[in-house]
Structure formats: C-alpha cells, structure tokens
Amino acid sequence: GDSVTQMEGPVTLSEEAFLTINCTYTATGYPSLFWYVQYPGEGLQLLLKATKADDKGSNKGFEATYRKETTSFHLEKGSVQVSDSAVYFCALGTGANSKLTFGKGITLSVRP
Amino acid sequence: DAMVIQNPRYQVTQFGKPVTLSCSQTLNHNVMYWYQQKSSQAPKLLFHYYDKDFNNEADTPDNFQSRRPNTSFCFLDIRSPGLGDAAMYLCATSRRGERTEAFFGQGTRLTVV
C-alpha cells in the first residue's frame with residue numbers, strides 16, 4: 001500500500017537557520033505530493049504541493065521538489081522564523097477522490 | 001470567505017454515549033472526508049463521500065458512521081464512544097480529481113470521560 005516516511009523529530013532551530021525536513025514515499029500509482037502545516041490546536045493547512053515529477057511547490061519561503069527517481073519530497077526553507085513553529089506533515093494523494101496518506105509529522109520549534 | 005467549518009471545536013462525551021460531530025462547507029466541493037488524528041500521530045482516513053457515494057476505509061471500526069444529507073453538510077456519528085476514541089477529528093473537502101488538494105476544518109477535539 002501507499003506510505004509516507006518522514007524524518008524523526010522534533011527539530012529545534014534558531015531563527016534564520018536553514019531548514020530541511022526529509023520525506024520519502026511509496027505509492028502504487030502516480031501520486032500528488034503535499035506538505036501540510038498544523039499550528040497548535042488547529043486543523044491542517046496546505047503549505048505547498050506538486051503534482052508531477054520535477055515540479056517545485058513553493059509558498060511563504062518554503063520549497064519542495066517532486067523527485068520521482070528518489071521518491072522524495074523534502075521541505076526546505078532558507079531562513080526560518082519563530083512563527084514557523086508548528087507540526088509539518090508530508091502527504092501523498094492518489095485516486096480520483098484524492099485520498100491522502102500522511103507521514104507521522106514532525107514538530108518544528110524555532111527559538112528567537 | 002469560503003471555508004470548512006467544524007462544530008463544536010471541543011466535545012466532551014461520556015463513555016458509551018452516542019455523539020455526533022458536524023462539518024459544513026461553503027466551497028461546494030463534491031468530496032468530503034473524515035480523518036481521525038490521535039495525539040502526536042498522523043491523521044488517519046476513516047471514510048469519505050463523493051457526492052452521496054459513501055466510501056468506508058477497510059479498517060474503520062463499525063462504531064463510526066457518517067451521514068451526508070446534502071453537499072454542504074457531513075456528520076460523524078460515534079455510536080458508543082470508548083476511551084480509545086478520544087482524538088481530534090478533522091473534516092476536509094476537495095474537488096473530485098486526481099491532483100486536487102484537500103481543505104481542512106479546524107477540527108473537533110473529542111474527550112471521552
């Protein structure tokens with residue numbers, strides 16, 4: 001079946017540090033890939049997405065590139081802010097109804 | 001603003017007492033989903049609707065049911081909540097299609113006492 005593997009957390013960084021969160025996937029079909037962010041006590045918000053190989057999704061300074069050859073979708077940001085502190089979920093979507101399979105999520109804490 | 005709204009945000013129910021969580025949307029999306037998210041875990045799909053077509057995940061317990069009376073509303077019914085059903089329940093919507101993203105509500109935090 002489909003699965004998403006994220007690097008173990010939590011991650012703690014100082015403000016303005018570089019961020020990489022690794023994500024790899026296994027899928028039987030040709031999935032779309034997503035990063036969702038969840039702030040404390042809130043639902044999930046779409047951060048960015050990529051729908052085909054070599055697509056780069058970007059939003060709010062975050063980027064991720066769909067790498068079909070390595071089945072990866074790593075999230076990066078050049079300079080994190082305190083307001084980026086949240087839980088980040090990598091997900092893949094398959095099928096006509098775009099059912100999502102999520103990774104376990106990783107908690108990011110950014111210190112001033 | 002178009003959005004997905006879940007009510008209530010917090011729900012406390014007694015062990016074994018039926019409870020209903022609600023979700024409404026103004027996006028006019030034809031697919032609606034219910035996810036269960038336990039503490040520090042990934043959201044897990046319980047079931048979804050494409051219009052009125054109900055799709056249950058194979059490992060969703062029978063204790064969980066759902067209703068979708070119209071495009072805008074979807075309900076999650078837990079017939080006999082157990083302590084293990086305490087979780088955040090997330091409703092989401094999307095347009096039908098293989099490359100579309102889901103839009104989530106803020107969730108309902110269910111506590112079972």
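Not measured: the values here are computed from a predicted model.

Undergrad: An account of the layout of surface pockets is requested, with residue identities and associated values reported.
TA: Counted as a void, the largest pocket has a volume near 510 Å³. Looking at the largest pocket, it is lined by 27 residues, and the ones nearest its centre are Val87, Phe89 and Lys104 of chain A together with Ser40 and Gln41 of chain B. When residues of the lining of the largest pocket are traced back to their parent elements, those giving at least two are strand 1 (3–6), strand 10 (86–94) and strand 12 (106–111) of chain A. Examining the composition of the lining of the largest pocket, we find that three residues originate from one element, strand 1 of chain A, more than from any other. Class assignment for the residues of the lining of the largest pocket results in 10 nonpolar, 12 polar and five charged.

Undergrad: So, the nonpolar core: which residues are in play, and what are the values?
TA: Ranked by size, the top nonpolar core spans 26 residues in total, and within it Trp35, Leu48, Phe73, Leu75 and Tyr88 of chain A carry the most contacts. Residue contributions to this core peak at four residues, all from strand 10 of chain A. In this view, Leu75 of chain A contacts Leu19, Thr20, Ile21, Trp35, Leu47, Leu48, Phe62, Glu63, Ala64 and Tyr88 of chain A; residues no more than four positions away in its chain are not counted. Judged by nonpolar contacts, the second largest core, of 18 residues, contains Leu21, Leu46, Phe64 and Ala87 of chain B.

Rules and cut-offs
Residues numbered from 1 in each chain as written. Chains lettered and ligands numbered in written order. Predicted model: local features only at pLDDT ≥ 70, side-chain atom pairs only at ≥ 80, totals over all residues. Heavy atoms only, no water. 1 Å grid on protein atoms, 1.4 Å probe; cavity = no way out; pocket = protein on both sides within 12 Å on 5 of 7 lines; lining within 4 Å. Points joined across faces, edges and corners; volume = space filled by probe spheres on them. Helix = DSSP H or I, 4+ residues; strand = E, 2+ residues; numbered from the N terminus. Nonpolar A, V, L, I, M, F, W, Y, C, P; charged D, E, K, R; others polar. Core = buried A, V, L, I, M, F, W, Y, C linked by side-chain atoms within 4.5 Å. Buried < 20%, exposed > 50% of the residue type's maximum accessible area, 1.4 Å probe, protein only. Contact = heavy atoms within 4.5 Å.

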